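Structural overview
Each chain is listed here by its residues.
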Amino acid sequence: MNKAPHILVVDDEDDIREPLAKYLSKNGMRVSSANGGSALREMLKSTAPNLIVLDIMMPGEDGLSLCRHLRKTTDIPVILLTAMAEETDRIVGLEVGADDYLTKPFNPRELLARIKAVLRRTNAIPSDVAPTPSGNLTFANWILDTQRRELLDSKGVSVSLSTAEYRLLTILLQRPNMVLSRDQLLDLTAGRDAVLFDRSIDNQISHLRKKIEADAKKPKIIQTVWGVGYTLAADVAEI
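The following paragraphs examine the structure supplied in this document. (Residues numbered from 1 in each chain as written. Predicted model: local features only at pLDDT ≥ 70, side-chain atom pairs only at ≥ 80, totals over all residues. Heavy atoms only, no water.)

1. A short note on the pairing of strand S3 (residues 51-55)
- Of all 5 residues making up S3, 5 are buried, and the element is well covered by its neighbours.
- Here S3 shows two buried faces, one formed by Leu51, Val53 and Asp55 and the other by Ile52 and Leu54.
- Both strand S1 (residues 6-10) and S3 contribute to a ladder of 4 bridges, which runs parallel. Bridge pairing in S3 places Ile7 opposite Leu51.
- As paired elements, S3 and strand S4 (residues 78-83) share 4 bridges and run parallel to each other. Note on S4: the bridge partner recorded for Val53 is Ile79.
- With respect to chirality, the unit in which S3 leads through helix H3 (residues 63-73) into the neighbouring parallel S4 is right-handed. (Buried < 20%, exposed > 50% of the residue type's maximum accessible area, 1.4 Å probe, protein only. Helix = DSSP H or I, 4+ residues; strand = E, 2+ residues; numbered from the N terminus. Pairing = 2+ DSSP bridges. Right-handed = clockwise from strand over helix to strand, strands pointing away.)

Shown next as structure tokens:
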């Protein structure tokens, strides 16, 4: 089975779509292409690409409308191709759920780098893993009150959490015993505001450990998986 990422390029301009498909194919991607919204919708009935490169300015259904549809019906990452002068389209594109954007004319090498970055942040999180339902979550003698956004110890004493620490802890509790990379944690906590290769996740993990671990230097709850990322090594239950 070919495990190369499957990229779907959607653009009505043949002189952009076809050379781009060839370039991505030469660089290790499996590539399909569609010349508009109707072709995209038809292809999605029989295939599920790992990422869609989607042009905004197309006749008929435009890329923004298609991106909005994709976000409502799938978890497939989307990179938008936008006209250089249309900054509003780029902003709206991110608001409706695009994972990244690139302005035309663009360097195919830069698009390839952006594709790899988005896949790195998203493709290792299993789509069939459902987050724990919202509510009070208990783990390792701690309770996270998600309504009041409070962390309580075994005696009911509240421990303060910053907004970033709360988001990070919630993400870990929703995926207990799952190993998550720094890029995945950045994407899940900060979304499109995440800075690639940012080391702030390490700092937030360190702060959390000081608050919930008996010994932050020998953590048992939030464990490091060397060369990969972090995992919450505790059972989580909703109460």
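2. Things to note about the packing of helix H6 (residues 163-174) against helix H8 (residues 200-212)
- Close contact between H6 and H8 brings their axes to 10 Å; oriented N to C, the two are set at 85 degrees. Taken as axis vectors, H6 and H8 run roughly perpendicular relative to one another. Contacts between H6 and H8 involve Ala164, Glu165, Leu168, Leu169 and Leu172 from the first element and Ile201, Gln204, Ile205, His207, Leu208 and Lys211 from the second.
- Taken together, the residues of the contact of H6 with H8 break down into 7 nonpolar, 2 polar and 2 charged. (Axes fitted to C-alpha atoms, helices over the stretch in contact; angles between N-to-C directions. Parallel < 35°, antiparallel > 145°, perpendicular 65-115°, else oblique. Contact = heavy atoms within 4.5 Å. Nonpolar A, V, L, I, M, F, W, Y, C, P; charged D, E, K, R; others polar.)

3. Focus on the sheet that holds strand S2 (residues 30-34)
- The 5 strands lie next to each other as S2-S1-S3-S4-S5, forming an open sheet whose pairing is parallel. Of all strands in the sheet, those with a lone pairing partner are S2 and strand S5 (100-104), marking the two edges. Adjacent strand axes in the sheet meet at a mean angle of 20 degrees when their direction is disregarded.
- Direction of pairing for S4 relative to S5: parallel, over a ladder of 5 bridges. Each bridged residue has a counterpart across the sheet, and for Leu81 the counterpart in S5 is Leu102.
- Packed on one face of the sheet, helix H1 (residues 14-26) meets S1, S2, S3 and S5 and runs near 170 degrees to S2.

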